[in-house]
Amino acid sequence: MISEYGMAQIANRVSTLLAQGAYIKDGQQITVPIFRKEHSGNTIKVYLYLTDEDAGTFSEFQILDEEGNVILSKPDSIIKDASKGLLIAFEVRIQEVEN
């Protein structure tokens with residue numbers, strides 16, 4: 001069984017792999033900084049933020065490592081106008097499986 005300390009260490013190490021975000025905006029890939037990362041217990045949450053100035057068709061939201069490799073992805077597609085910001089959330093849960 002993984003201890004609470006061990007789970008926190010695993011979540012922290014996974015969190016450090018997540019370096020930047022990316023998405024397709026109107027057909028072009030855009031790389032952006034991660035807005036926020038949180039980890040608590042066995043859950044890691046990562047957020048990208050589209051400001052109220054971002055408008056267009058957005059798709060293929062991704063979280064990348066430092067080399068640009070895809071770690072997490074959401075194939076969602078949205079059309080966003082410039083009236084409000086939008087938070088894109090990714091959540092990872094670490095779970096021990098016993099045989």
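The following paragraphs examine the structure supplied in this document. (Residues numbered from 1 in each chain as written. Predicted model: local features only at pLDDT ≥ 70, side-chain atom pairs only at ≥ 80, totals over all residues. Heavy atoms only, no water.)

1. Some details on a nonpolar patch on the surface
Let me state the cut-off plainly: Patches here: salt-bridge-free residues with over 30% relative accessible area, like charges joined within 9 Å, nonpolar side chains (Val, Leu, Ile, Met, Phe, Trp, Tyr) joined within 5 Å. A 1.4 Å probe and the Shrake-Rupley method give the accessible areas. Residues count as covered only by the protein chains that appear here. By convention in these notes, a salt bridge is any Lys or Arg side-chain nitrogen within 4 Å of a carboxyl oxygen on Asp or Glu. Numbering goes from the N terminus for both helices and strands, where a helix is a DSSP run of H or I of at least four residues and a strand is a run of E of at least two.
Taken together, Phe35, Tyr49 and Leu87 make up a surface patch of nonpolar side chains, about 280 Å² in accessible area. For Tyr49, the location among the structural elements is in strand 4 (residues 43-50).

2. Points about the sheet that holds strand 1 (residues 20-25)
Put simply, the rule reads: At least two bridges found by DSSP between two strands is the condition for calling them paired. Angles here are taken between N-to-C directions and fall from 0 to 180 degrees, while the axes themselves are lines fitted to C-alpha atoms, restricted in helices to the stretch in contact.
Strands sit in the order 2-1-5-6 across an open sheet of four strands; the sheet is antiparallel. Bordering the open sheet on either side are strand 2 (28-32) and strand 6 (70-80), each of which pairs with just one other strand. Ignoring which end each strand starts from, the neighbouring axes of this sheet average 20° apart. As paired elements, strand 1 and strand 2 share five bridges and run antiparallel to each other. Looking across to strand 2, one finds that Ala22 is bridged to Thr31.

3. Some remarks on the packing of aromatic side chains
Our working definition: When two rings of Phe, Tyr or Trp (its six-membered ring) have centres within 6.5 Å they constitute a pair, described as stacked for plane angles under 30 degrees, edge-to-face for angles over 60, and tilted for the intermediate range. Buried residues are those whose accessible area, probed at 1.4 Å on protein chains only, stays under 20% of the maximum for their type, while exposed residues exceed 50% and partly exposed ones sit between those limits.
Taken as a whole and assessed by the stated rule, the structure comprises three aromatic pairs. Both rings, one in Tyr23 and one in Phe58, keep their centres 5.4 Å apart while their planes meet at 65°; by these two values the pair is edge-to-face. Residue Tyr23 is found in strand 1, and its partner Phe58 is found in strand 5 (residues 56-64); the two are separated by 35 residues along the sequence. Side by side, Tyr23 and Phe58 carry an identical accessibility label, which is buried.

4. With respect to the pattern of salt bridges
Oppositely charged side chains can pair when the atoms bearing their charge come close. Across all of its chains, the model carries two salt bridges by this definition. Between Glu91 and Arg93 there is a salt bridge whose closest N-O contact spans 2.8 Å. For Arg93, a relative accessible area of 60% gives the class exposed.

5. Observations regarding the sheet that holds strand 4
Test applied: Only heavy atoms matter for contacts: two residues are in contact if any of them lie within 4.5 Å across the pair.
Strand order in the open sheet formed by three strands is 3-4-7, and the pairing between neighbours is antiparallel. Single-partner strands in this sheet number two, and they are strand 3 (36-40) and strand 7 (86-93). Recorded for the sheet is a direction-independent mean angle of 15° between the axes of neighbouring strands. Judged from the eight bridges that link them, strand 4 and strand 7 form a sheet pairing that is antiparallel. Within the sheet, the bridge partner assigned to Thr43 lies in strand 7 and is Arg93. Against the sheet, helix 1 (residues 4-17) makes contact with strand 3 and strand 4, and its axis sits at roughly 165° relative to strand 3, the strand it touches most.

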